[in-house]
Amino acid sequence: MFQDLIAGGTESSAVTVEWAILELLKKPEMFSKATEELDRVIGRERWVEEKDIVNLPYIESIAKETMRLHPVAPMLVPRMTREDCQIAGYDIRKGTRALVNVWTIGRDPTVWDNPNEFCPDRFLGKAIDVKGHDFELLLFGAGRRMCPGYPLGIKVIQASLANLLHGFT
Ligand code: HEM
């Protein structure tokens, strides 16, 4: 149990922050947009705190966009269907093991415009969240087996990314 918590609670957030910085280094205009938001909302005199994140929509969008393209858990924990059902138009028998491919959903052109483009702006002003209700973005899973660490994970990603950008020269 503790191994699960340590493995799930460290590498996942660190890898996501690395991907975010990599994507931003390739798109300097987006990097500047993020640091402008930080300068405007936080100012140059202090670091970003957890409570500031609600006022940093662009940083939140960068975190979502990074995880859409580079989900740390590309496949959710396998589910067993409890009754005959239909998934995406296919008839599935009771007792079938179903795998949800988050990576593929995140790059599905029927769901996303320019799916392979890193574009945080696509989330600005949109109500899509990562709490398992919006099936196009199941970054932490959904239902009873959803990631129990998601409130911690998302905050660690947002706060450490924001502070790395805020202190970047
Ligand atoms: C970037 C951060 C994280 C991401 C993207 C992530 C993602 C996920 C995903 C997709 C699952 C499978 C959910 C499902 O199948 O519906 C999962 C399960 C799990 N996560 Fe996370 N996680 C993160 C951070 C954390 C943290 C911080 C902890 C704990 C401190 C944690 C602990 C766990 C555990 C224990 C499970 C297994 C739950 C179960 O099988 O019932 N995760 N995580």
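Conventions used here
Residues numbered from 1 in each chain as written. Predicted model: local features only at pLDDT ≥ 70, side-chain atom pairs only at ≥ 80, totals over all residues. Heavy atoms only, no water. Helix = DSSP H or I, 4+ residues; strand = E, 2+ residues; numbered from the N terminus. Buried < 20%, exposed > 50% of the residue type's maximum accessible area, 1.4 Å probe, protein only. Donors = N, O, S within 2.8 Å, 3.2 Å for Na, K, Ca; no water. Axes fitted to C-alpha atoms, helices over the stretch in contact; angles between N-to-C directions. Contact = heavy atoms within 4.5 Å. Near = heavy atom within 4 Å. Polar contact = N/O pair within 3.5 Å; in protein donor to acceptor, adjacent residues only side chain to side chain. Nonpolar A, V, L, I, M, F, W, Y, C, P; charged D, E, K, R; others polar. Parallel < 35°, antiparallel > 145°, perpendicular 65-115°, else oblique. Expected span 1.5 Å × (residues − 1).

Asks: Even after reading the chapter, I still don't get the overall build of the chain, so can you show me in this structure?
Replies: From N to C terminus, the chain includes 5 helices and 4 strands. If you list the helices and strands of the chain from N to C, you get α-α-α-β-β-β-β-α-α. In terms of overall dimensions, the chain has a C-alpha envelope of 60 × 40 × 25 Å along the principal axes. When the 169 residues of the chain are sorted by exposure, 38% land in the buried category.

Asks: How do you make sense of the coordination of the iron atom of the ligand when you look at a structure like this?
Replies: Four donors placed tetrahedrally about a metal ideally form angles of 109.5 degrees, and six donors placed octahedrally ideally form angles of 90 or 180 degrees. Within the protein, a single donor atom binds the iron atom of the ligand, namely Cys 147 (SG) at 2.3 Å. With respect to the helices and strands, Cys 147 occurs in the loop between α4 (102-106) and α5 (150-166).

Asks: Hey, could you run me through the packing of helix α1 (residues 2-26) against helix α2 (residues 28-41) in this one?
Replies: The packing of two helices is summarised by the inter-axis angle and the distance between the axes. Closest axis-to-axis distance for the α1/α2 pair is 5 Å, and the angle between their directions is 115°. Facing α1, whose interface residues are Leu 24, Leu 25 and Lys 26, α2 presents Pro 28, Met 30 and Phe 31.

Asks: Sorry if this is basic, but what is going on with unusual backbone geometry here?
Replies: Most peptide bonds take the trans configuration, and most residues that are not glycine carry a negative phi. Even without glycine at this site, Asn 114 takes up a positive phi of about 40°. Turning to its location among the elements, Asn 114 is positioned in the loop between α4 and α5. According to the relative accessible area criterion, Asn 114 is exposed, its value standing at 57%.

Asks: Can you walk me through the site of the ligand in this structure?
Replies: Of all residues adjacent to the ligand, which total 22 residues, the nearest are Gly 8, Val 77, Arg 79, Arg 145 and Cys 147. Within the side chain of Arg 79, a nitrogen or oxygen atom sits 2.7 Å from an oxygen atom of the ligand. At 2.6 Å from an oxygen atom of the ligand is found a side-chain nitrogen or oxygen belonging to Arg 145. A per-element tally of the shell around the ligand places α1 first, with 5 residues. Class assignment for the residues of the shell around the ligand results in 13 nonpolar, 7 polar and 2 charged.

Asks: Whenever I open this one, the packing of α2 against α5 confuses me. Can you help?
Replies: One way to put it is that α2 packs onto α5 with a least axis distance of 9 Å and a crossing angle of 95°. Classified by the interaxial angle, the pair formed by α2 and α5 is roughly perpendicular. Taken together, the residues of α5 that come into contact with α2 (itself represented by Phe 31, Ala 34, Thr 35, Leu 38 and Asp 39) are Ala 162, Leu 165 and His 166. For the contact of α2 with α5, the residue count by class is 5 nonpolar, 2 polar and 1 charged.

Asks: Would you mind going over α2 with me for this structure?
Replies: Along an α-helix, residues three or four positions apart point the same way, because every turn accommodates 3.6 residues. Here α2 spans 20 Å end to end across 14 residues, near enough to the 20 Å set by a 1.5 Å rise per residue. Check the buried side of α2 and you find it contacts α1, α3 (57-69) and α5. Backbone geometry just after α2 places Gly 43 at a positive phi near 85°.

So, to be careful, I would describe these as geometric facts and stop short of saying anything about function.
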